[in-house]
Amino acid sequence: MRIKSMEFLISAVKPLQYPEEPLPEIAFAGRSNVGKSSMINMLLNRRNFARTSSTPGKTQTINFYEIDNAFRFVDLPGYGYARVSKTQHESWGKILNTYLNKRENLLEVIQLVDIRHKPSAQDKEMYNWILEAGYNGIIIATKADKMSKGQIQKQLGVIRKELGAKDRIIIPISTLSKLNKYEVWDLFNGIFEANDYDIHLERQNDSK
Ligand code: GTP
Ligand code: MG
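Residues numbered from 1 in each chain as written. Chains lettered and ligands numbered in written order. Predicted model: local features only at pLDDT ≥ 70, side-chain atom pairs only at ≥ 80, totals over all residues. Heavy atoms only, no water.

### So, the overall build of the protein
Check the secondary structure of the protein and you find five helices and seven strands. Going residue by residue from the N terminus, the α and β elements of the protein occur as β-β-α-β-β-α-β-α-β-α-β-α. Taking 208 residues into account, the globule formula puts the C-alpha radius of gyration at 17 Å, and the protein, at 16 Å, falls close to it. Per-residue burial for the protein yields a buried fraction of 49% across its 208 residues. Summed over its atoms, the accessible surface of the protein is roughly 10,700 Å², and 47% of this surface lies on carbon and sulfur atoms. (Helix = DSSP H or I, 4+ residues; strand = E, 2+ residues; numbered from the N terminus. Rg over C-alpha atoms; globule rule 2.2 N^0.38 Å. Buried < 20%, exposed > 50% of the residue type's maximum accessible area, 1.4 Å probe, protein only. Areas by Shrake-Rupley, 256 points an atom, 1.4 Å probe, with all protein chains shown as cover.)

Given below as structure tokens:
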């Protein structure tokens, strides 16, 4: 399948606003500024399809992106942004939990972490939730262009250890160099296949 269409559906905060369920969804969790929106753009060969910014806390809603009327990417609100009030934090938690606990068509929740940093307490909390909910605990380590190949391997080890993710899939990516872009596509193909969906993404002609 070559991607023919992509559409931003909605920024939702409550279930009534979610798009109708049947299409399968892959969601991305991670702290604010980790690069969730940038990764969606890289995968779809778009510069500013999923909105990004250098101001942390930009995505505070659940953003649904539909691809080829076949599946959706779900950009979850980022956590760990210090400058939010307690009330804002509680509302964030509620928004996220409601989606994660209720969504029947959610195939996989993928954890994004910044390759440069030791996972935070909230990363661990999120990751444990993912494992407990029965997902595969797939990790994508972002911003790999910020370090050397040797350092990348070392940091992957640190992240694995901290998250207790010994035998889990972990893929370093860079939205700048496009490192492992197609490995991520292959991963998604595997997820669709494992869930009996006839969705298979082919390598696209990259137009930057
Ligand atoms: P929230 O919406 O706040 O939750 O953040 P987010 O996780 O969506 O992060 P976003 O994609 O907006 O990226 C945050 C910042 O990191 C932006 O300035 C991006 O340009 C930068 N960034 C994202 N990915 C990479 C990467 O692979 N390499 C480098 N060097 N910078 C990146
Ligand atoms: Mg974002």
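### Section: unusual backbone geometry
The backbone of Asn69 sits at a positive phi, close to 50°, despite the residue not being glycine. Position of Asn69 relative to the elements: it lies in the loop between β3 (62-67) and β4 (71-75). Asn69 gets classed as exposed once you look at its relative accessible area, which sits at 53%. Of note in the backbone geometry, Asn180 takes a positive phi value of approximately 65° without being a glycine. Examined against the element boundaries, Asn180 turns out to sit in the loop between β7 (170-172) and α5 (181-194).

### What to know about the sheet that holds strand β2 (residues 25-30)
If you trace the seven strands from one edge of the open sheet to the other, you get β1-β3-β4-β2-β5-β6-β7, paired in mixed fashion. The open sheet is flanked by β1 (6-12) and β7, the only strands paired with a single partner. When the angles between neighbouring strand axes are averaged without regard to direction, this sheet yields 25°. Pairing analysis gives four bridges linking β2 to β4, with the strands arranged parallel. Across the sheet, residue Ile26 finds its bridge partner in β4, namely Phe73. Here helix α4 (residues 149-163) sits on the sheet in contact with β5 (106-114), β6 (139-142) and β7, set at roughly 145° to β7. (Pairing = 2+ DSSP bridges. Axes fitted to C-alpha atoms, helices over the stretch in contact; angles between N-to-C directions. Contact = heavy atoms within 4.5 Å.)

### Notes on the nonpolar core
The biggest cluster of nonpolar side chains holds 33 residues, and the ones touching the most others in it are Phe28, Leu44, Phe71, Phe73, Ile110, Trp185 and Phe188. If you list the elements that add at least two residues to this core, you get β2, α1 (36-43), β3, β4, β5 and α5. When residues in this core are grouped by element, the largest group, seven residues, is from α5. If sequence neighbours within four positions are ignored, Trp185 has contacts with Ile3, Leu43, Leu44, Phe71, Phe73 and Leu201. Counting 19 residues, the second-largest nonpolar core is a separate cluster that includes Tyr18, Ala29, Tyr79 and Met126. (Core = buried A, V, L, I, M, F, W, Y, C linked by side-chain atoms within 4.5 Å.)

### Quick notes on the packing of aromatic side chains
Going through the model one piece at a time under the given rule, you end up with 13 aromatic pairs. An angle of 80° between the planes, with centres 5.6 Å apart, marks the rings of Tyr18 and Tyr99 as edge-to-face. Remark: Tyr99 occurs in helix α2 (residues 86-102) and Tyr18 occurs in the loop between β1 and β2; sequence separation between them is 81 residues. Across this residue pair, the class does not change: Tyr18 and Tyr99 are buried. (Phe/Tyr/Trp six-rings, centres within 6.5 Å; stacked < 30°, edge-to-face > 60°.)

### Focus: helix α3 (residues 121-132)
Along its 12 residues, α3 runs 16 Å from first to last C-alpha, staying within 8% of the 16 Å computed at 1.5 Å per residue. By the burial criterion, the buried members of α3 are Asp123, Met126, Tyr127 and Ile130. Down the axis of α3, the sector holding all buried residues measures 95°, keeping them to one side. Residues Ala121, Glu125 and Glu132 are exposed on α3 and point more than 90 degrees away from its buried face. In the core, the buried residues of α3 are packed alongside β2, α2, β5, β6 and α4. (Expected span 1.5 Å × (residues − 1). Arc of directions from axis to C-beta.)

Such coordinate-based values are descriptive only and should not be taken to indicate function.
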